[in-house]
Amino acid sequence: PKENKPMNQTPLSPDTFAPLFHAVFRANHLESYTKPAIVDKFRALTDRLLAVNAVMNLTALNTPEKIIPLHYADCALIADRIPAGATVADVGCGGGFPTFPLAILRPDLHITAIDSTGKKIKYVEETAQLLDLANIRAVTARAEELGRDAAWREQFDLVTSRAVARLSLLDELCLPLCRVGGALLLLKGAAGLEELDEARAGIRRLGGGEAVGETLTLDTLTDREARTLITVPKVEPTPREFPRQFGQIRKRPL
């Protein structure tokens, strides 16, 4: 298939990639994640992402100047919020965000990338192998179906998701996968606090505790953009009737 044969391209030069990476991460107070081995891994990821993106739609961002701040630094904002050795589910991982940045920055984590699109999961799986990221497993599945499966239900310490759906839908996809005592850690845009207000009742019905929204700033070097980090503790088991079929979730959010 076409998507499995990335076009040849000139690898990114370390002499240009590394200074840009350092500048972006320094601007976002992420200096602890700029060791040479980490930067090299992100450069290899960028080479792979750009090559495959030329033949398969993984991201609208197609230059290191955009990818480093808007994918890598954006995901890195949550890297130090996750407990050591945690099992993490990334729901709707798409092209691997935040899966890849978290796997590179936190090799102690055990990350399961979940997406319903098989070719994206194949990309994540192959890229993890190419980059020697043994802490990633990739699964083609719908989150609401895994949430009804005893082998997956309430099995993860932490569930994360980025740019997938409004929180009033996302809570029902994610909370059933999270164990009691764990949490959701969700990356949202500037409207995240508004989404949180409309989702609070549903969160409680699904076994979630008092959710907290935190406004963060992402420095892209050319602009400063608002982000919202939403943390939802899992305090009770999710009732057996949830999650519902996705059509029901979308039609009648809790």
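See above for the structure.
All values derive from a computational prediction rather than experimental measurement. (Residues numbered from 1 in each chain as written. Predicted model: local features only at pLDDT ≥ 70, side-chain atom pairs only at ≥ 80, totals over all residues. Heavy atoms only, no water.)

1. What about the side chain of Arg48?
To be explicit about the condition: Counting from the N terminus, the helices are the DSSP runs of H or I reaching at least four residues and the strands are the DSSP runs of E reaching at least two. Remark: exposure states derive from per-residue accessible area (1.4 Å probe, protein chains only) relative to the maximum for the residue type, with buried under 20%, exposed over 50%, and partly exposed in between. In protein, a polar contact means a hydrogen-donor-capable atom and an acceptor-capable atom, both N or O and within 3.5 Å, with residues adjacent in sequence counting only if both atoms are side-chain atoms; elsewhere, any N or O pair within 3.5 Å suffices.
Along the chain, the position of Arg48 falls in helix α2 (residues 36–53). Classification of Arg48 as buried rests on a relative accessible area of 16%. There is a polar contact of 3.3 Å between the side chain of Arg48 and the side chain of Glu126.

2. Structural notes on the packing of aromatic side chains
As a reminder, the rule being used: Pairing of aromatic rings covers Phe, Tyr and the six-membered ring of Trp, with a centre-to-centre limit of 6.5 Å; geometry is then stacked below 30 degrees between planes, edge-to-face above 60, and tilted otherwise.
If you walk through the whole model with that rule in mind, you get eight aromatic pairs. Summarising the aromatic geometry, the rings of Phe21 and Phe25 are spaced 4.1 Å apart at their centres and angled 20° between planes, so their arrangement reads as stacked. With a gap of four residues between them, Phe21 and Phe25 both fall in helix α1 (residues 14–27), about one helical turn apart. On the accessibility criterion, Phe21 (0% relative accessible area) is buried. Centre to centre, the rings of Tyr72 and Phe97 are 6.2 Å apart; their planes meet at 40°, and the pair counts as tilted. Of this pair, Tyr72 sits in helix α3 (residues 64–76) while Phe97 is found in the loop between β1 (87–91) and α4 (99–105), placing the two residues 25 residues apart along the sequence. With a relative accessible area of 6%, Phe97 lands in the buried category.

3. Overview of the pairing of strand β4 (residues 156–162)
Applicable threshold: Note on pairing: DSSP must find at least two bridges between two strands before they are called paired. Crossover handedness is defined by viewing with both strands directed away from the observer: a clockwise path from the first strand over the helix to the second marks the crossover as right-handed.
Summarising burial for β4: six of the seven residues are buried, a large majority. Note: β1 against β4, three bridges, orientation parallel. Looking across to β4, one finds that Val88 is bridged to Leu158. Examined bridge by bridge, β4 and strand β5 (residues 178–188) share six bridges and lie parallel to one another. Paired with Arg162 across the two strands is Leu187, which belongs to β5. The parallel pair β4 and β5 is bridged by helix α7 (residues 167–174), and the resulting crossover is right-handed.

4. As for the nonpolar core
The criterion, for reference: Take the buried Ala, Val, Leu, Ile, Met, Phe, Trp, Tyr and Cys residues and link them wherever side-chain atoms come within 4.5 Å; each set so joined is a nonpolar core. Two residues form a contact once any of their heavy atoms are found within 4.5 Å.
Judged by nonpolar contacts, the single largest core of 55 residues is most densely connected at Phe25, Phe42, Tyr72 and Tyr123. For Tyr123, the residues in contact, after removing those within four places along its chain, are Leu45, Arg48, Leu49, Val52, Met56, Leu58, Gly95 and Phe100. In terms of nonpolar packing, the next biggest core, distinct from the first, is built from 31 residues, Ala89, Val139, Ile249 and Leu254 among them.

5. Quick word on the packing of α1 against α2
Test applied: Every axis corresponds to a line fitted to the C-alpha atoms, with the helix fit spanning only the stretch in contact, and the corresponding angles, defined between N-to-C directions, vary from 0 to 180 degrees. If an angle is under 35 degrees, it is roughly parallel; if it is over 145, roughly antiparallel; if it lies from 65 to 115, roughly perpendicular; otherwise it is oblique. Should the near helix be turned counterclockwise from the far one by less than a right angle, the crossing is left-handed, whereas a clockwise turn marks it as right-handed. Charged residues are taken to be Asp, Glu, Lys and Arg, nonpolar residues to be Ala, Val, Leu, Ile, Met, Phe, Trp, Tyr, Cys and Pro, and polar residues to be all remaining types, Gly included.
Two elements in contact, α1 and α2, have axes whose closest approach is 10 Å; the angle formed by their N-to-C orientations is 110°. Compared by their axis directions, α1 and α2 come out roughly perpendicular. In the packing of α1 onto α2, the handedness of the crossing is right-handed. Packed against α1, whose contacting residues are Pro14, Phe17, Ala18, Phe21 and His22, the element α2 presents Val39, Phe42, Arg43 and Thr46 at the interface. Of the residues in the contact of α1 with α2, the class split is six nonpolar, two polar and one charged.

6. Quick word on the pairing of strand β6 (residues 212–219)
Bridge count between β6 and strand β7 (residues 224–233): eight bridges; the pairing is antiparallel. In the strand pairing of β7, Thr215 is matched with Thr228. Linking β6 back to β7 in an antiparallel pair, the connection comprises four residues, with Leu221 at a positive phi of about 80°.

7. Brief notes about helix α8 (residues 192–205)
Since the α-helix advances by 3.6 residues per turn, residues separated by three or four positions end up pointing in the same direction. Which entries qualify depends on this criterion: Given the number of residues in a helix, its expected span is that number minus one, multiplied by 1.5 Å. In this scheme, the bend at a residue equals the angle between the axes fitted to the seven residues that finish there and the seven that begin there.
Over its 14 residues, α8 runs 20 Å from end to end, which matches the ideal 20 Å to within 8%, given 1.5 Å per residue. The largest bend in α8 comes to about 55°, at Ala199. Taken as a whole, α8 has its buried residues at Gly192, Glu195, Leu196, Ala199, Gly202 and Ile203. Where α8 is buried, its residues meet α7, β5, β6 and β7.

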